[in-house]
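One-letter residues, chain by chain:
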Amino acid sequence: MNKPTITTESGRYFLTDRIREEVDFRTTPQSRGVRPPPIQKPVPPDSVIIELPGQESWGIPPCDLHTAIANRESHRQFTPEPLSLEELAFLLWATQGVREEIHEAAVLRTVPSAGCRHPFETYLAVQRVQNFVPGIYQYLPLDNAIVFVRDVENLPAHLTAATHGQRFTGQAAVTFLWTAIPERTEWRYAEASYKVIALDAGHVCQNLYLACEAIGAGTCAIAAYNQTLVDSLLGVDGDEEFCVYIAPVGKVSRHP
Ligand SMILES: Cc1cc2nc3c(=O)[nH]c(=O)nc-3n(C[C@H](O)[C@H](O)[C@H](O)COP(=O)(O)O)c2cc1C
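This one's a predicted model, so the numbers in the text were calculated from it and none came from an experiment. (Residues numbered from 1 in each chain as written. Predicted model: local features only at pLDDT ≥ 70, side-chain atom pairs only at ≥ 80, totals over all residues. Heavy atoms only, no water.)

1. Quick word on the sheet that holds strand β7 (residues 174–180)
Under the convention used in this document: By definition, two strands form a pair when at least two bridges between them are found by DSSP. Strands are runs of DSSP state E lasting at least two residues, helices are runs of H or I lasting at least four, and both sets are numbered from the N terminus onward. Comment: axis = line fitted to C-alpha atoms, over the contacting stretch for helices; angle = value between 0 and 180 degrees taken between N-to-C directions.
One open sheet holds the seven strands; their spatial order is β1-β6-β5-β4-β7-β9-β8, and the pairing between them is antiparallel. Pairing within the sheet leaves two strands with one partner each, and these edge strands are β1 (49–51) and β8 (217–219). Pairs of neighbouring strands in the sheet enclose a mean axial angle of 30 degrees, with direction left out of account. One ladder, built from seven bridges, connects strand β4 (residues 120–126) with β7; its direction is antiparallel.

Here it is as structure tokens:
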């Protein structure tokens, strides 16, 4: 990806919706009849897939929405307690879970997304989840499963370095790392995709904050990270897919 010149003017312009007046939507891949890119990144055939428990078996206690919103805050200290598989399944569902598959271009999730394009993949840097070998995993929302991506020697040090020395990332039970696959949104919106991708990411992370409140956990949004280190940790190319947002999660001492 070539480095463009970003100025105050171009940055502020990006935040407006002027681009929509410039894009010729008759020429987008969708308008030309091109099939949409897959809603879930295909995994290699010999992958180790771990099925996640279904909602009916979670046993997550009900959480009052008013209380969750009132208590939401950024946490940068975590207890050594691990997360259970059910709790991880709940957090994944809350952030990117599938509500309904209508057709290949319309898969509804627990968060909104401009044009229902859902451009994100969820990677997990697992350190303390019950019965899990530490390492990098990827969520498969259509299958309610996760796939083992790779083992990483000294994962805490890699996470800390990849977030510019923010040590609490290395101390999390599990760190959510969201990548964007811009082509999914470009298929419908072309150059008008980028602001809405950034907007989409906010909903995902806010749902993580609120879901954490229900399980005595906490998180902290992280937008300050080393792009090259994070992308190479996840094994993504940094061009067609790259990290856009990070959120370390762990149990916190103030339980709901
Ligand atoms: C887009 C975004 C990026 C952030 N990046 C970081 C970060 O890199 N490191 C950090 O410690 N906190 C980060 N934060 C957390 C903010 O510092 C925090 O939300 C703010 O101080 C308000 O505190 P509260 O979340 O407890 O209300 C980020 C928050 C947002 C929304």
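Right, picking up where we left off after that structure.
2. Looking at the packing of helix α5 (residues 155–162) against helix α9 (residues 227–234)
The line we're drawing: Should any heavy atoms of two residues lie within 4.5 Å, those residues are considered in contact. The nonpolar class holds Ala, Val, Leu, Ile, Met, Phe, Trp, Tyr, Cys and Pro. Asp, Glu, Lys and Arg form the charged class, and all remaining residues, Gly among them, are polar.
Viewed as axis vectors pointing N to C, α5 and α9 meet at an angle of 145 degrees, and their least axial separation amounts to 8 Å. Across the interface between the two elements, L155, H158, L159, A161 and A162 of α5 pack against L229, V230 and L233 of α9. Of the residues belonging to the contact of α5 with α9, the class tally is seven nonpolar, one polar and no charged.

3. Some remarks on the site of the ligand
Test applied: Here a residue counts as near a molecule or strand whenever at least one of its heavy atoms sits within 4 Å of it. In protein, a polar contact means a hydrogen-donor-capable atom and an acceptor-capable atom, both N or O and within 3.5 Å, with residues adjacent in sequence counting only if both atoms are side-chain atoms; elsewhere, any N or O pair within 3.5 Å suffices.
Every residue lining the ligand is accounted for by R72, E73, S74, R76, Q166, F168, C220, A221, I222, A223, A224 and Y245. Between a nitrogen atom of the ligand and a main-chain N or O atom of A223, the distance comes to 3.1 Å. Within the backbone of A224, one N or O atom sits 3.3 Å away from an oxygen atom of the ligand. A class-by-class count of the residues in the shell around the ligand yields seven nonpolar, two polar and three charged.

4. Here's the deal with the packing of aromatic side chains
Threshold: A pair of aromatic rings is counted whenever rings of Phe, Tyr or Trp (Trp by its six-membered ring) have centres within 6.5 Å, and the orientation is called stacked for planes under 30 degrees apart, edge-to-face for over 60 and tilted otherwise. Each residue gets one of three labels from its accessible area relative to the maximum for its type: buried under 20%, exposed over 50%, partly exposed in between, using a 1.4 Å probe on protein chains only.
Overall, the coordinates contain seven aromatic pairs when judged by the stated rule. Between the aromatic rings of Y137 and F148, the centroid separation amounts to 5.1 Å while the plane-to-plane angle is 70 degrees, which identifies the pairing as edge-to-face. You can see Y137 sitting in strand β5 (residues 135–140) and its partner F148 sitting in strand β6 (residues 145–150), a full 11 residues away along the chain. On the basis of relative accessible area, F148 is assigned to the partly exposed category, the value being 27%. Here the aromatic rings of W178 and Y245 are separated by 6.0 Å at their centres, their planes lie at 50 degrees, and the arrangement is tilted. Of the two residues, W178 is situated in strand β7 and Y245 in strand β9 (residues 242–251); the sequence distance between them amounts to 67 residues. With respect to class, W178 is no different from Y245; both count as buried. An aromatic cluster of at least three residues, connected via ring pairs, comprises W58, F90 and W93.

5. Here we look at the layout of surface pockets
Stated precisely, the cut-off is as follows: Only protein atoms enter the 1 Å grid, on which a cavity is a set of points fitting a 1.4 Å probe that cannot get out and a pocket is an open set with protein on both sides within 12 Å along at least 5 of 7 lines, lining residues being those with an atom within 4 Å of a point. Grid points are joined across faces, edges and corners, and a volume is the space filled by probe spheres set on the points.
Taken as a whole, the largest pocket spans an internal volume of roughly 930 Å³. What lines the largest pocket is a set of 27 residues, and nearest its centre among them are M1, P4, I6, F14 and Y194. Sort the elements by how many residues they give to the lining of the largest pocket and helix α8 (residues 194–213) lands first, with five residues. The class makeup of the residues in the lining of the largest pocket is 16 nonpolar, five polar and six charged. Every element with two or more residues in the lining of the second largest pocket is listed here: α3 (65–71), α4 (85–96) and α8. Each residue belonging to the lining of the second largest pocket can be placed in one class, and the counts come to nine nonpolar, two polar and no charged.

6. A few points about the environment of H158
In this fold, H158 is placed in helix α5. Residue H158 is classed as partly exposed on the basis of its relative accessible area, which comes to 39%. Taking the C-alpha atoms as reference points, H158 and D46, 112 residues apart in sequence, are found 26 Å from one another. Leave out the neighbours within four places in its chain, and H158 touches V152, E153 and L233.

7. Points about the nonpolar core
Heads up, the condition is: Residues belong to a common nonpolar core when they are buried Ala, Val, Leu, Ile, Met, Phe, Trp, Tyr or Cys residues joined through side-chain atoms within 4.5 Å.
Core analysis: the largest hydrophobic core is formed by 58 residues, its most contacted members being L91, L124, I146, V174, F176 and V249. Counting only elements with at least two residues in this core, the list comes to α4, β4, β5, α5, β7, α8, α9 and β9. Beyond its immediate stretch of four places on either side in the chain, I146 contacts V48, I49, I50, L52, L88, L92, L124, F132, Y137, Q138, Y139 and L140.

8. Digging into the packing of α4 against α8
Condition: Each helix crossing is assigned a hand: it is left-handed if the near helix lies turned anticlockwise from the far helix by less than a right angle, otherwise right-handed if that turn is clockwise.
Where α4 contacts α8, the axes come no closer than 8 Å and their chain directions differ by 145 degrees. Crossing of α4 over α8 shows right-handed handedness. Mapping the contact onto sequence places F90, L91, A94, T95 and Q96 in α4 and V204, N207, L208, A211 and C212 in α8. Tallied by class, residues from the contact of α4 with α8 come to seven nonpolar, three polar and no charged.

The analysis is restricted to geometry; functional conclusions fall outside its scope.
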